[in-house]
Amino acid sequence: MKFSLLFWRKSDVSVRGKRRMEAMAPVTESFFSSSRLLTGFIFILFVLAVVVVCFVGNSPVGPNLAPDQVSRIRIKAEIPFTYNSSILTQQQVSARRQKVPPIYRVDLTAFHNFEIYLKRLMEALSAFAASPEAGADTTRALPTLKTSQIEQFLTAWDPKNIYKINHDDLAVFINYVSPELRAQSLDEALRTLEALTRAGIYDPRTDDFVTGAQSLNFVQIERDGGAMSLSSLQPIEDAQRNLRVTLSNLNLPREAAVALYRITRAGLGSNLAFDETRTKAATEEAVAGVQPVTIRVNEGDTLIEPGQRVSQLQNEQLKAYREELTRLHQGRLGVNPLIMEQTMLTIIILLVTIACLRMVTGDIRKQWRPLLLGILVVLLDLFFTRIMLEISASPYVRTNPQLLAILPWTMPVALGPLVVALLLGVGPGLVTAALVSVFVALMHGSSISILVVAFVSATVGIYASRGTQARAKVVRAGLYAGLAMGVGAFAMGLRDERELLTIFYQILSGIGTGVITGIATVGLLPMLESLFKLSTNITLLELTDFNHPLLRRMQMDAPGTYHHSLMVGNLAENAAAAINANALLCRACAYYHDIGKLVKPEYFTENQRDGVNPHLEVNPSMSALVIKAHVKEGVILARQYKLPKTIIDVIREHHGTSLIQYFYYKALERQKKETPVMFEKAPGIDLDEVNESTYRYEGPKPHFKESAIIHLADAVEAASRSLRKVTPLAIDELIDKLCTARLEDGQLDDTPLTFRELTTVKASFARTLMSMLHSRVDYPSAPGTTRIADKPSETMLIKNEPAVDERKRASSRPPFSTQAANSKATPLPVTLEDKPKAASVPIPTQGPSQQPDEAPAV
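Participant: Before we go on, may I ask you to explain the overall build of the protein in this structure?
Facilitator: The helix and strand inventory of the protein stands at 32 helices and twelve strands. Across the 858 residues that make up the protein, the buried fraction comes to 46%. Carbon and sulfur atoms form 58% of the exposed surface of the protein, whose accessible area is close to 45000 Å².

Participant: Explain the packing of helix H13 (residues 368-392) against helix H17 (residues 426-443) to me, please; I cannot follow it from the model alone.
Facilitator: Helix-helix packing is characterised by the crossing angle of the two axes and by the distance between the axes. Contact geometry for H13 and H17: axes closest at 10 Å, N-to-C directions at 25 degrees. The orientation of H13 relative to H17 falls into the category roughly parallel. The crossing of H13 and H17 is right-handed. Residues Val-378, Asp-381, Leu-382, Thr-385, Arg-386 and Leu-389 of H13 touch H17, and the partners they reach there are Thr-432, Leu-435, Val-436, Phe-439, Val-440 and Met-443. Across the contact of H13 with H17, the residue classes tally to eight nonpolar, two polar and two charged.

Participant: Whenever I open this one, unusual backbone geometry confuses me. Can you help?
Facilitator: Of all residues except glycine, most have a negative phi; of all peptide bonds, most are trans. Between Gly-699 and the following residue, Pro-700, the backbone shows a cis peptide bond with an omega angle of 10 degrees. In this fold, Pro-700 is placed in the loop between helix H27 (661-674) and helix H28 (705-720). Although it is not a glycine, Asn-580 sits at a positive phi angle of roughly 65 degrees. Inspection of the secondary structure puts Asn-580 in the loop between helix H23 (559-578) and helix H24 (583-592). Not every positive phi belongs to a glycine, and Lys-642 is a case in point at roughly 55 degrees.

Participant: Hey, could you run me through helix H30 (residues 755-772) in this one?
Facilitator: What sets the pattern is the α-helix's 3.6 residues per turn: residues three or four places apart point alike. Taking 1.5 Å of rise per residue, 18 residues should cover 26 Å, and H30 covers 25 Å from first to last C-alpha, within 8% of that figure. Taken together, the buried positions of H30 are occupied by Glu-757, Leu-758, Val-761, Ser-764, Phe-765, Ala-766, Thr-768 and Leu-769. On its buried face, H30 sits against H23, H28 and helix H29 (728-744).

Participant: For this particular structure, what's the right way to read the confidence of the model for the protein?
Facilitator: In low-pLDDT segments, the atomic positions of the prediction should not be examined closely. Looking at the protein, pLDDT values average 78 and 77% of them are 70 or higher. Counting contacts from residues 210-218, a segment whose pLDDT is below 50, to residues more than four positions away or on other chains yields 18 contacts. Overall, residues 787-858 carries pLDDT values under 50, and its contacts beyond four positions in sequence, including any with other chains, amount to 120 contacts.

Participant: Help me understand the pattern of salt bridges, please; the structure alone is not making it clear to me.
Facilitator: Where side chains of opposite charge bring their charged atoms close, a pairing between them can arise. Taken as a whole, this structure holds 20 salt bridges when the rule is applied. For the salt bridge of Asp-649 with Lys-645, the shortest nitrogen-to-oxygen distance reads 3.0 Å. Of the two residues, Asp-649 and Lys-645 both sit in helix H26 (residues 645-653), four residues apart, roughly one turn of that helix. Several salt bridges converge on common partners, so that one network encompasses Asp-594, Lys-597 and Glu-606.

Participant: Teacher, can you tell me more about the nonpolar core here?
Facilitator: Grouped burial of nonpolar side chains is what soluble globular proteins tend to show. Counting 58 residues, the largest nonpolar core has Tyr-592, Ile-595, Leu-643, Ile-647, Ile-709, Ile-735 and Phe-765 as the members making the most contacts within it. Considering every element that reaches this core, the biggest residue donor is H24, with nine residues. If we ignore the near neighbours within four places in the chain, the residues touching Ile-595 are Leu-550, Met-554, Gly-634, Leu-637, Ala-638, Leu-643 and Ile-651. Grouped together as the second largest cluster of nonpolar side chains are 38 residues, Leu-125, Ile-165, Ile-201 and Ile-263 included.

Participant: Even after reading the chapter, I still don't get a nonpolar patch on the surface, so can you show me in this structure?
Facilitator: A grouping of Ile-448, Val-452, Val-456, Val-460, Tyr-480 and Leu-483 is seen on the molecular surface, where their side chains present a nonpolar patch of about 480 Å² in accessible area. Secondary-structure elements contributing two or more residues to the nonpolar patch are helix H18 (448-464) and helix H19 (471-495). Sort the elements by how many residues they give to the nonpolar patch and H18 lands first, with four residues. Residue placement: Val-452 occurs in helix H18.

Participant: Just to check I follow, could you spell out the packing of helix H4 (residues 109-130) against helix H6 (residues 167-176) for this structure?
Facilitator: At their nearest, the axes of H4 and H6 sit 12 Å apart, and the two run at 60 degrees to each other. In terms of crossing hand, the pair formed by H4 and H6 is right-handed. Here Leu-121, Met-122, Leu-125 and Ala-129 of H4 lie close against H6, whose contacting residues are Leu-170, Phe-173 and Ile-174. Its residues placed into classes, the contact of H4 with H6 shows seven nonpolar, no polar and no charged.

Participant: Explanation requested: the packing of aromatic side chains in the structure shown.
Facilitator: Here the distance between the centres and the angle between the planes together describe a pair of aromatic rings. Applying the stated criterion across every chain, the model contains 13 aromatic pairs. Measuring from ring centre to ring centre gives 4.8 Å for Tyr-117 and Tyr-163, while their planes differ by 50 degrees; the resulting arrangement is tilted. Of this pair, Tyr-117 sits in helix H4 while Tyr-163 sits in the loop between helix H5 (147-157) and H6, placing them 46 residues apart in sequence. In this structure Tyr-117 comes out as buried when scored by relative accessible area, which is 10%. Arranged with centres 5.2 Å apart and planes meeting at 20 degrees, the rings of Phe-128 and Phe-153 form a pair that is stacked. Placement of Phe-128 in helix H4 and of Phe-153 in helix H5 is noted, with a sequence separation of 25 residues between them.

Participant: It is not clear to me how the pairing of strand S2 (residues 81-85) should be interpreted in this structure. Could you clarify?
Facilitator: For a regular strand, the rule is simple: side chains alternate between the two faces of the sheet. What you see with S2 is a clean split: Phe-81, Tyr-83 and Ser-85 sit on the buried side and Thr-82 and Asn-84 on the side with no burial. In the sheet, S2 pairs with strand S9 (residues 293-297) via five bridges, with the strands oriented antiparallel. Looking at S9, one finds that Asn-84 is bridged to Thr-294.

Participant: Please explain the side chain of Glu-757 as it appears in this structure.
Facilitator: Relative to the elements of secondary structure, Glu-757 occurs in helix H30. In this structure Glu-757 comes out as buried when scored by relative accessible area, which is 15%. Sequence-distant contacts of Glu-757, that is, excluding residues within four places in its chain, are made with Ile-579, Lys-705 and Pro-752.

Participant: I would appreciate a short explanation of the environment of Leu-380 in the present structure.
Facilitator: Along the chain, the position of Leu-380 falls in helix H13. Look at Leu-380 and you get partly exposed, because its relative accessible area is 30%. Once the C-alpha coordinates of Leu-380 and Leu-415 are considered, the two residues, 35 residues apart in sequence, prove to be 8.8 Å apart.

Participant: How should the environment of Ala-259 be read in this particular structure?
Facilitator: Here Ala-259 is to be found in helix H9 (residues 254-264). Judged by its relative accessible area of 2%, Ala-259 falls in the buried class. Residues Ala-259 and Ile-174, spaced 85 residues apart in sequence, show a C-alpha to C-alpha distance of 9.8 Å. If sequence neighbours within four positions are ignored, Ala-259 has contacts with Asp-169, Val-172 and Phe-173.

Participant: Just to check I follow, could you spell out the side chain of Asp-649 for this structure?
Facilitator: Residue Asp-649 is classed as buried on the basis of its relative accessible area, which comes to 11%. Setting aside anything within four residues of it in sequence, one finds Asp-649 in contact with His-703 and Phe-704.

The rules behind these values
Residues numbered from 1 in each chain as written. Predicted model: local features only at pLDDT ≥ 70, side-chain atom pairs only at ≥ 80, totals over all residues. Heavy atoms only, no water. Helix = DSSP H or I, 4+ residues; strand = E, 2+ residues; numbered from the N terminus. Buried < 20%, exposed > 50% of the residue type's maximum accessible area, 1.4 Å probe, protein only. Areas by Shrake-Rupley, 256 points an atom, 1.4 Å probe, with all protein chains shown as cover. Axes fitted to C-alpha atoms, helices over the stretch in contact; angles between N-to-C directions. Parallel < 35°, antiparallel > 145°, perpendicular 65-115°, else oblique. Left-handed = near helix turned anticlockwise from the far one by under 90°. Contact = heavy atoms within 4.5 Å. Nonpolar A, V, L, I, M, F, W, Y, C, P; charged D, E, K, R; others polar. Expected span 1.5 Å × (residues − 1). pLDDT = per-residue confidence, 0-100. Salt bridge = Lys/Arg side-chain N within 4 Å of Asp/Glu carboxyl O. Core = buried A, V, L, I, M, F, W, Y, C linked by side-chain atoms within 4.5 Å. Patch = residues over 30% accessible without salt bridge, like charges linked within 9 Å, V, L, I, M, F, W, Y side chains within 5 Å. Phe/Tyr/Trp six-rings, centres within 6.5 Å; stacked < 30°, edge-to-face > 60°. Pairing = 2+ DSSP bridges.

Below, the structure written as structure tokens:
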């Protein structure tokens, strides 16, 4: 018992909390829609946020021009600035490096090896010539050796002949020169060879440092002891020529001098070894004296001419100008004239946007949720664009021209417009697209090209997202926006004469950004729908699924109400399509507009079974309260199941402030019967005892087209059940009578429906009702049967057969018909003569069938 009491208290507290929140909701709505101070505060915050996101810290130089790109605008220096040119400094460093001679070490190892080899060869050859084995004539002054003998000797002494000495030259030198002169001339040749080698010799055919040159002048050569000297090197051809000239001046026969030259020239070769360490140290020492090149730019100097291709030096100058402006803005934030100018421009743009919205939608303060949504989405879109700009200004990207050319096409300019178009409609989406495109263009230095491409891309995405009812189509809309961005990249790439590979990468970037934008939109929609109490066609389509818990519950607990809701959905959807309203919204709202009847379904005609009518046991005022309560209960259920705000609005407005006629006139009839005097003549009767406000719904009245359509469709569908004969004329009269009564009662005063649209809606109702209430052809009777028509809408064929079990007969009967049940309702005994003067609406002539949602089945 204690537990149940505690549970009751907790549940009671929970219900009270919900009621309190529901009571506070209209106050909050009213505060946001009526507070001018709050509106101004939000506007100021929006202006500051746009200025901070778009302009603070952003360079106003203009578009990010990549090296080798053709500029379409003239960029002038608005402030004087000075910077150190790394390009010019590097050029001076390179020039200084080229002036520093390379350092080589003279390597005498090869010469010393050749000297030892040649001396040993001559000693061995002289000894062989004087030996008896040679068989030379010793009586002569010069022994004569045959060429074959010298060849055999040389092969035996040096089989490899590493210096390629010719045996014929050895034979000439031995046979024509005496031993004394031979030794002298050989020593002179080796001295000359050493001198040439010490001076430095290079071979143009093999050495890398003499590319295409015949000589290499002024190189530093490291001498013995580490001393450095600046000398001119000689190629191997010059060294050979000098050796030949020196040997020709010796006191030798011509043949012997030539032979000696051929023998000793094998010792000439490139003998320079590059000293990388010493050369680098000398170069660094020379470069250390180079001072940075300082460039000064005066105010008004032109940095880039229109139509000029950006060079590396100009790109460096633009970068220095951008950094100087950024530093200046950060240092003088709040008093910077440029920031003030951009702030004023932002205020003007936003004021113009608000004026356009007011001309289209009226007082935008009453639509504070869509307004806050637009503000958030615009700031989010501009924030992502600013991130791309900051990445473009990073040092790594600035040094990568191809990446710098791609990044401007990764701006998600279609994200905000797509989200707004899906949540609020095409018109607000186009306004968002224009707003985002203008600020993105201003962020890129007032680039008209960026403005056009961004707006076209967003517009294409909005056009592709019209009437979207599937999430995959949102991604497809993003793809189309990316394709439009790719076309813009292609056109601007051709205009700027970019490389085809760069243009291809830009197109891929635009398309990829569009696809990512579509995916991001799909992810953002559920969060924004929940945050701002809005709904998209995607959500509405999901709510029309008959497996929704509320619809399943209605099928089980209130089948008559479920059937009524389906019929209202058909009527409202067709009527909305006829006047270009949101047909899907009408269908979804119609399915849920009567969910409040789930709390007490037995109090409504369409759900009553077996003749049980709870209204017979209570007075009319209590019955009216129960009937009215289904609106509040519907709102509570809708919030419990987290239905969109639009559906909640329709639940609250689908009866407006209309009169619950049946119970109102029943109360008047009861008052008349309980009064002992005549109703019209008794002066003591207080007619205010039956208060009309007790029998009217609390409202509010419908305030948008779809809600008004459902309001009328609900009444038309309910009243159509009482038609005894379905004909076009009867349907037209019924629809016209109901719509005129609602119009005269002021239920449509707050809706934007025009009379032309109302006429179209009535015609649509008539067509739909004719298809819903169509009659079938009477089947002819079979031979031996009797046709019995107990009801106007039913025909039963009874065969001449034995009696059938009553349970089987009951199972074979058609299901309970709500229409048939309503047609049985007995009208109230009230006539036009008995109509009281206090009644504001004509008394129905058919009793409860006039309002089957509210009237009991008698």
